[in-house]
Amino acid sequence: MLVERMQPFTSTIFAEMSALALRTGAINLGQGFPDTNGPPSLLADAAANITGGVNQYPPGPGVPALRAAVAEHQSRFHGLSVDPDDVLVTTGATEAIAAAVLGLCEPGDEVVTFQPFYDSYAATVALAGAVLKAVPLRPPSFGFDPSELRAAFSARTRVVLLNTPHNPTGAVFTAVQLAEIGELAAEFGAVVVADEVYEHMVFSGAVHTPIATLPGMAERTLTISSAGKTFSVTGWKVGWVHGPSELVAAVRAAKQFLTYVSGAPFQPAIAAALALPDSFYTDLASGLQGKRDLLSDGLRAAGLTVYPSAGTYFVVTDVAPLGVTDGADFCWRLPELIGVAAVPVSVFCTDPELGRTLVRFAFCKRDEVLTEAVSRLAGLRAALGSTP
């Protein structure tokens, strides 16, 4: 029988909504994966590695070329000085997060994060037997109340689990907000685990600031990112974490008994891709900004309130103007109603009331797919009016 602490996590909303979209033939704007392939050079390098025999266990900490490439990337884009020996390659960012929490938290320790949150956070904290302390992010800006943040900290706080650019809200934390988080982490002796997988996906003048770049934060921060989102290869599951040697060692101790290693042919290919010119990264952001605008305009025209998204793959909406009082029920009905799938924000909250009528849509799809989704959304009011 499943242990009690894991009983709330028997399935993920992404698997459920993706299955529903497949069953109904709906356009899947629920799960955050692109419907295009990554850079041709990356794909060609991976294929050559596979046929060339790079198919056995890679080194435990990761292929040296990738660890060096991550260090160079952090210097190039963020001015961070990272020793390749302090980079650990993981099976996606999700494993890096899990290994960090498992390696750092004793049962009963507290983990401060922000809600709504990516769904693996709560499950990971439960796996560690730790306690989740979630600080609300509220629309329209999805900022936090500094007094609520302070109230979440205690003598038991061990980890601050930070995600910026933020999934699901699309918020990008400012340097001022990050400084407030960092000051509390230092005051209470907590480690910051920074999930930055959307670091290159920021729009409309927003700036991603790694919290490790703030004064005094590098020595207490584990920075996590991955190739999946940046290079449109989410199925490859190659991520990484870096930070102070003793913190990375704690992550490695847990990670080596989770997957041990993975992604042998993909790791050197990603190492080369990280050196792609700046134009690749700027085109990635500008292309996604256009997709965000295309879908957001369609959602507004359909009668939803659309909140600003400064980064990630996602835009959050409020369906209350349509007379909807339960976003989860709305999402379960939406594929049958108009052939579009989305995800309710309430499932990302310890307090479901916080996101009761909020719904997340993903815009990381081809323009023609988004255009068709917008066309279907145009019939939403009529569809809702014709159902009980």
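Residues numbered from 1 in each chain as written. Predicted model: local features only at pLDDT ≥ 70, side-chain atom pairs only at ≥ 80, totals over all residues. Heavy atoms only, no water.

- Looking up the protein chain in an unreviewed UniProt entry gives the name Pyridoxal phosphate-dependent aminotransferase, with the organism given as Pseudonocardia abyssalis.

### Some thoughts on the UniProt feature "domain: Aminotransferase class I/classII large" (unreviewed entry) in the protein chain
Piece 1. Residues given the UniProt feature "domain: Aminotransferase class I/classII large" (unreviewed entry) here are residues 26-377.
Piece 2. With 39% helix and 16% strand, the stretch residues 26-377 has end C-alpha atoms that lie 12 Å from each other. (UniProt positions renumbered as here; feature names shortened; annotations may be inferred. Helix = DSSP H or I, 4+ residues; strand = E, 2+ residues; numbered from the N terminus.)

### Brief notes about the nonpolar core
Piece 1. Core analysis: the biggest nonpolar cluster contains 71 residues, and Val193, Leu222, Leu295, Phe330, Phe361 and Leu380 have the highest contact counts within it.
Piece 2. If one sorts the elements of this core by residue count, helix H4 (residues 92-104) sits on top with seven residues. (Core = buried A, V, L, I, M, F, W, Y, C linked by side-chain atoms within 4.5 Å. Buried < 20%, exposed > 50% of the residue type's maximum accessible area, 1.4 Å probe, protein only.)

### Re the environment of Leu214
Piece 1. Mapped onto the elements, Leu214 comes out in the loop between strand E6 (191-195) and strand E7 (221-226).
Piece 2. Among the residues examined, Leu214 registers a relative accessible area of 15% and is labelled buried.
Piece 3. Each C-alpha atom, one on Leu214 and one on Val343, is 34 Å from the other, the two residues being 129 residues apart in sequence.
Piece 4. With residues up to four places along the chain from it excluded, the contact list for Leu214 reads Ala175, Leu178, Ala179 and Thr209. (Contact = heavy atoms within 4.5 Å.)

### A word on the packing of aromatic side chains
Piece 1. Scanning the entire structure with this criterion turns up 16 aromatic pairs.
Piece 2. With a centroid separation of 5.5 Å and an interplanar angle of 75 degrees, the aromatic rings of Tyr198 and Tyr313 are classed as edge-to-face. Pair noted here: Tyr198 is in the loop between E6 and E7 and Tyr313 is in the loop between strand E9 (305-306) and strand E10 (314-318), with a separation of 115 residues, a long-range link.
Piece 3. An angle of 65 degrees between the planes, with centres 6.5 Å apart, marks the rings of Phe231 and Tyr281 as edge-to-face. Within this pair, whereas Phe231 is found in the loop between helix H8 (227-230) and strand E8 (239-242), its partner Tyr281 is found in helix H11 (residues 278-301), the two being separated by 50 residues in sequence.
Piece 4. Overall, Phe231 belongs to the buried group, its relative accessible area being 1%.
Piece 5. The class of Tyr281 is buried, set by a relative accessible area of 4%.
Piece 6. Of the aromatic side chains, those joined through ring pairs into one cluster are Phe77, Phe231, Phe280 and Tyr281.
Piece 7. Here the guanidinium or amino end of Arg360 rests over the ring plane of Phe314, the centre of that ring lying 3.6 Å away.
Piece 8. Stacked on the ring of Phe33, the Lys or Arg Lys365 has its end atom at 3.7 Å from the ring centre. (Phe/Tyr/Trp six-rings, centres within 6.5 Å; stacked < 30°, edge-to-face > 60°. Lys NZ or Arg CZ within 6 Å of the ring centre and 35° of its normal.)

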